[in-house]
Amino acid sequence: ELDVPDHSTLCRRIEHIAVTIPRANKEKVVLVADSSGLKVYGEGEWKVRKHGWSKHRTWRKMHLAITPDGEIRAAELTGNNTADSDAVSSLFQQEQAEIEAFIGDGAYDKRKVYKACRKRKIKKIIVPPQKNAKIFQHGNLNKKPHPRDENLREIRQSTRKKWKEKSGYHVRSLSETAMFRFKTIFGDKLNARKFKSQKNGSR
(Lines give C-alpha, C1' and ligand atoms only; values in the text may rest on other atoms or scores of the structure.)
Protein backbone atom coordinates (compact mmCIF):
# COMPACT_ATOMS: atom_id res chain seq x y z
CA GLU A 1 0.00 0.00 0.00
CA LEU A 2 1.15 3.51 -0.81
CA ASP A 3 0.76 6.42 1.56
CA VAL A 4 -1.27 9.34 0.24
CA PRO A 5 0.58 12.62 0.98
CA ASP A 6 -1.38 15.22 2.93
CA HIS A 7 -1.84 18.85 1.87
CA SER A 8 1.15 20.12 3.91
CA THR A 9 3.48 17.54 2.35
CA LEU A 10 2.37 18.49 -1.15
CA CYS A 11 2.90 22.19 -0.39
CA ARG A 12 6.47 21.50 0.75
CA ARG A 13 7.34 19.24 -2.17
CA ILE A 14 5.84 21.31 -4.99
CA GLU A 15 8.61 23.86 -4.54
CA HIS A 16 11.17 21.32 -5.79
CA ILE A 17 9.17 19.84 -8.68
CA ALA A 18 10.17 20.76 -12.23
CA VAL A 19 6.92 21.49 -14.07
CA THR A 20 6.73 21.71 -17.87
CA ILE A 21 3.70 22.67 -19.92
CA PRO A 22 2.68 19.95 -22.42
CA ARG A 23 2.65 21.36 -25.95
CA ALA A 24 1.55 20.08 -29.31
CA ASN A 25 4.37 19.55 -31.79
CA LYS A 26 4.15 22.53 -34.15
CA GLU A 27 6.68 24.06 -36.51
CA LYS A 28 5.14 27.53 -36.50
CA VAL A 29 2.84 29.29 -34.03
CA VAL A 30 1.00 32.58 -33.55
CA LEU A 31 1.24 33.76 -29.95
CA VAL A 32 -1.37 35.92 -28.22
CA ALA A 33 -0.22 37.32 -24.86
CA ASP A 34 -2.16 38.64 -21.89
CA SER A 35 -2.03 38.73 -18.09
CA SER A 36 -4.42 38.59 -15.15
CA GLY A 37 -4.23 38.80 -11.37
CA LEU A 38 -4.31 35.88 -8.93
CA LYS A 39 -4.97 36.58 -5.25
CA VAL A 40 -2.47 35.18 -2.74
CA TYR A 41 -4.23 36.19 0.44
CA GLY A 42 -6.61 38.91 1.46
CA GLU A 43 -10.22 39.72 2.06
CA GLY A 44 -13.18 38.38 0.16
CA GLU A 45 -15.00 40.44 -2.42
CA TRP A 46 -17.83 41.31 -0.01
CA LYS A 47 -15.42 42.81 2.54
CA VAL A 48 -13.60 44.81 -0.13
CA ARG A 49 -16.83 46.25 -1.48
CA LYS A 50 -18.08 47.05 2.02
CA HIS A 51 -14.92 48.40 3.68
CA GLY A 52 -12.30 48.72 0.94
CA TRP A 53 -8.87 47.13 0.52
CA SER A 54 -6.32 46.68 3.30
CA LYS A 55 -2.53 46.70 3.12
CA HIS A 56 -2.46 42.90 3.52
CA ARG A 57 -4.11 42.32 0.15
CA THR A 58 -1.49 40.70 -2.13
CA TRP A 59 -1.63 39.60 -5.76
CA ARG A 60 0.47 37.81 -8.35
CA LYS A 61 0.27 38.25 -12.11
CA MET A 62 -0.23 35.28 -14.41
CA HIS A 63 1.15 35.88 -17.90
CA LEU A 64 -0.01 33.51 -20.65
CA ALA A 65 0.95 33.07 -24.29
CA ILE A 66 -1.66 31.11 -26.22
CA THR A 67 -2.37 30.18 -29.83
CA PRO A 68 -5.60 31.22 -31.62
CA ASP A 69 -6.95 27.67 -31.13
CA GLY A 70 -6.71 28.11 -27.34
CA GLU A 71 -3.56 26.09 -26.55
CA ILE A 72 -1.43 27.54 -23.73
CA ARG A 73 2.16 27.53 -25.00
CA ALA A 74 3.89 29.48 -22.22
CA ALA A 75 3.11 30.72 -18.71
CA GLU A 76 4.94 32.94 -16.25
CA LEU A 77 4.02 34.02 -12.71
CA THR A 78 5.40 37.34 -11.46
CA GLY A 79 4.79 39.90 -8.75
CA ASN A 80 1.94 42.34 -9.17
CA ASN A 81 4.40 45.17 -9.87
CA THR A 82 5.84 43.48 -12.98
CA ALA A 83 4.75 45.05 -16.25
CA ASP A 84 3.32 42.85 -19.01
CA SER A 85 6.18 43.88 -21.29
CA ASP A 86 8.78 42.56 -18.80
CA ALA A 87 7.42 39.00 -19.07
CA VAL A 88 7.63 38.73 -22.88
CA SER A 89 11.23 37.48 -23.03
CA SER A 90 10.48 34.71 -20.54
CA LEU A 91 7.41 33.63 -22.53
CA PHE A 92 9.45 33.53 -25.75
CA GLN A 93 12.17 31.41 -24.11
CA GLN A 94 9.59 28.72 -23.35
CA GLU A 95 8.52 28.46 -27.00
CA GLN A 96 10.71 26.24 -29.19
CA ALA A 97 8.71 26.54 -32.41
CA GLU A 98 9.06 29.40 -34.89
CA ILE A 99 6.86 32.34 -33.88
CA GLU A 100 5.11 33.69 -36.97
CA ALA A 101 3.26 36.54 -35.24
CA PHE A 102 2.93 38.13 -31.81
CA ILE A 103 -0.31 39.81 -30.71
CA GLY A 104 -0.83 41.87 -27.57
CA ASP A 105 -2.70 44.87 -26.24
CA GLY A 106 -1.35 48.38 -25.69
CA ALA A 107 0.54 47.31 -22.54
CA TYR A 108 3.07 45.59 -24.84
CA ASP A 109 3.83 48.76 -26.80
CA LYS A 110 7.36 49.00 -25.42
CA ARG A 111 10.78 49.03 -27.07
CA LYS A 112 11.85 45.96 -25.07
CA VAL A 113 8.95 43.97 -26.57
CA TYR A 114 9.89 44.87 -30.15
CA LYS A 115 13.52 44.08 -29.35
CA ALA A 116 12.54 40.63 -28.06
CA CYS A 117 10.38 40.05 -31.15
CA ARG A 118 13.21 41.03 -33.49
CA LYS A 119 15.57 38.74 -31.62
CA ARG A 120 13.18 35.85 -32.34
CA LYS A 121 12.81 37.10 -35.96
CA ILE A 122 9.04 37.51 -35.64
CA LYS A 123 7.79 38.98 -38.91
CA LYS A 124 4.35 40.16 -37.79
CA ILE A 125 3.94 42.17 -34.59
CA ILE A 126 0.35 43.25 -33.91
CA VAL A 127 0.45 45.65 -30.96
CA PRO A 128 -1.58 48.89 -31.11
CA PRO A 129 0.68 51.95 -30.62
CA GLN A 130 -0.36 54.48 -28.00
CA LYS A 131 -2.60 57.29 -29.21
CA ASN A 132 0.18 59.86 -28.73
CA ALA A 133 2.80 57.58 -30.31
CA LYS A 134 5.79 59.01 -32.18
CA ILE A 135 7.77 57.42 -34.99
CA PHE A 136 10.63 55.30 -33.63
CA GLN A 137 12.76 55.27 -36.76
CA HIS A 138 12.45 57.75 -39.61
CA GLY A 139 12.84 56.64 -43.22
CA ASN A 140 15.92 58.77 -43.95
CA LEU A 141 18.06 56.47 -41.80
CA ASN A 142 18.29 53.92 -44.65
CA LYS A 143 17.26 51.08 -42.38
CA LYS A 144 14.51 48.49 -42.61
CA PRO A 145 11.22 50.08 -41.41
CA HIS A 146 10.43 49.47 -37.77
CA PRO A 147 7.31 47.23 -37.42
CA ARG A 148 5.75 49.64 -34.92
CA ASP A 149 6.20 52.55 -37.32
CA GLU A 150 4.53 50.57 -40.10
CA ASN A 151 1.52 49.93 -37.84
CA LEU A 152 1.43 53.59 -36.82
CA ARG A 153 1.50 54.80 -40.43
CA GLU A 154 -1.33 52.44 -41.38
CA ILE A 155 -3.41 53.78 -38.49
CA ARG A 156 -2.76 57.37 -39.57
CA GLN A 157 -3.72 56.58 -43.15
CA SER A 158 -7.06 55.04 -42.12
CA THR A 159 -8.34 54.61 -38.55
CA ARG A 160 -7.35 52.58 -35.52
CA LYS A 161 -10.53 50.53 -35.81
CA LYS A 162 -9.88 49.62 -39.46
CA TRP A 163 -6.26 48.76 -38.68
CA LYS A 164 -7.36 46.34 -35.94
CA GLU A 165 -9.81 44.63 -38.31
CA LYS A 166 -7.29 44.41 -41.14
CA SER A 167 -4.35 43.21 -39.02
CA GLY A 168 -6.34 40.54 -37.18
CA TYR A 169 -5.84 42.18 -33.78
CA HIS A 170 -9.25 41.06 -32.50
CA VAL A 171 -7.98 37.48 -32.17
CA ARG A 172 -6.51 38.83 -28.92
CA SER A 173 -9.91 38.35 -27.29
CA LEU A 174 -9.09 34.62 -27.27
CA SER A 175 -6.46 35.30 -24.60
CA GLU A 176 -9.18 36.71 -22.34
CA THR A 177 -11.19 33.54 -22.97
CA ALA A 178 -8.15 31.45 -21.96
CA MET A 179 -7.80 33.47 -18.74
CA PHE A 180 -11.48 32.92 -17.94
CA ARG A 181 -11.09 29.19 -18.60
CA PHE A 182 -7.99 29.03 -16.38
CA LYS A 183 -9.73 30.76 -13.46
CA THR A 184 -12.89 28.72 -13.88
CA ILE A 185 -10.93 25.46 -13.58
CA PHE A 186 -8.26 26.39 -11.02
CA GLY A 187 -9.80 29.38 -9.25
CA ASP A 188 -8.55 32.95 -8.94
CA LYS A 189 -6.23 32.56 -5.95
CA LEU A 190 -3.03 30.78 -4.92
CA ASN A 191 -2.92 28.77 -1.68
CA ALA A 192 0.85 28.33 -1.44
CA ARG A 193 2.80 30.95 0.53
CA LYS A 194 6.27 30.61 -1.06
CA PHE A 195 6.71 32.24 -4.46
CA LYS A 196 8.45 29.23 -6.05
CA SER A 197 5.63 26.96 -4.89
CA GLN A 198 3.10 29.41 -6.27
CA LYS A 199 4.96 29.43 -9.60
CA ASN A 200 5.02 25.63 -9.90
CA GLY A 201 1.44 25.32 -8.66
CA SER A 202 0.14 27.81 -11.23
CA ARG A 203 1.59 25.70 -14.04
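Residues numbered from 1 in each chain as written. Predicted model: local features only at pLDDT ≥ 70, side-chain atom pairs only at ≥ 80, totals over all residues. Heavy atoms only, no water.

### Comments concerning the packing of aromatic side chains
Here comes step 1: In the structure shown here, the tally under the stated rule is four aromatic pairs.
Here comes step 2: Considering the side-chain rings of Phe102 and Tyr108, the 5.7 Å spacing of their centres and the 80° angle between planes classify their relative orientation as edge-to-face.
Here comes step 3: Overall, Phe102 belongs to the buried group, its relative accessible area being 2%.
Here comes step 4: Given a relative accessible area of 1%, Tyr108 falls into the buried group.
Here comes step 5: One aromatic cluster in this structure is built from Phe92, Phe102 and Tyr108.
Here comes step 6: The positively charged end of Arg111 is found above the aromatic ring belonging to Phe136, 3.8 Å away from the centroid.
Here comes step 7: A cation sits over an aromatic face here: Arg148 above Phe136, 4.1 Å from the ring centre. (Phe/Tyr/Trp six-rings, centres within 6.5 Å; stacked < 30°, edge-to-face > 60°. Buried < 20%, exposed > 50% of the residue type's maximum accessible area, 1.4 Å probe, protein only. Lys NZ or Arg CZ within 6 Å of the ring centre and 35° of its normal.)

### Remarks on the nonpolar core
Here comes step 1: Counting 19 residues, the largest nonpolar core has Val88, Phe92, Phe102, Tyr108, Cys117, Ile122 and Ile125 as its most contacted members.
Here comes step 2: Going through the elements one at a time, strand 1 (28-41), helix 3 (88-93), strand 4 (98-103) and helix 4 (111-119) are the ones with two or more residues in this core.
Here comes step 3: Counting residues per element, this core draws most heavily on helix 4, at four residues. (Core = buried A, V, L, I, M, F, W, Y, C linked by side-chain atoms within 4.5 Å. Helix = DSSP H or I, 4+ residues; strand = E, 2+ residues; numbered from the N terminus.)

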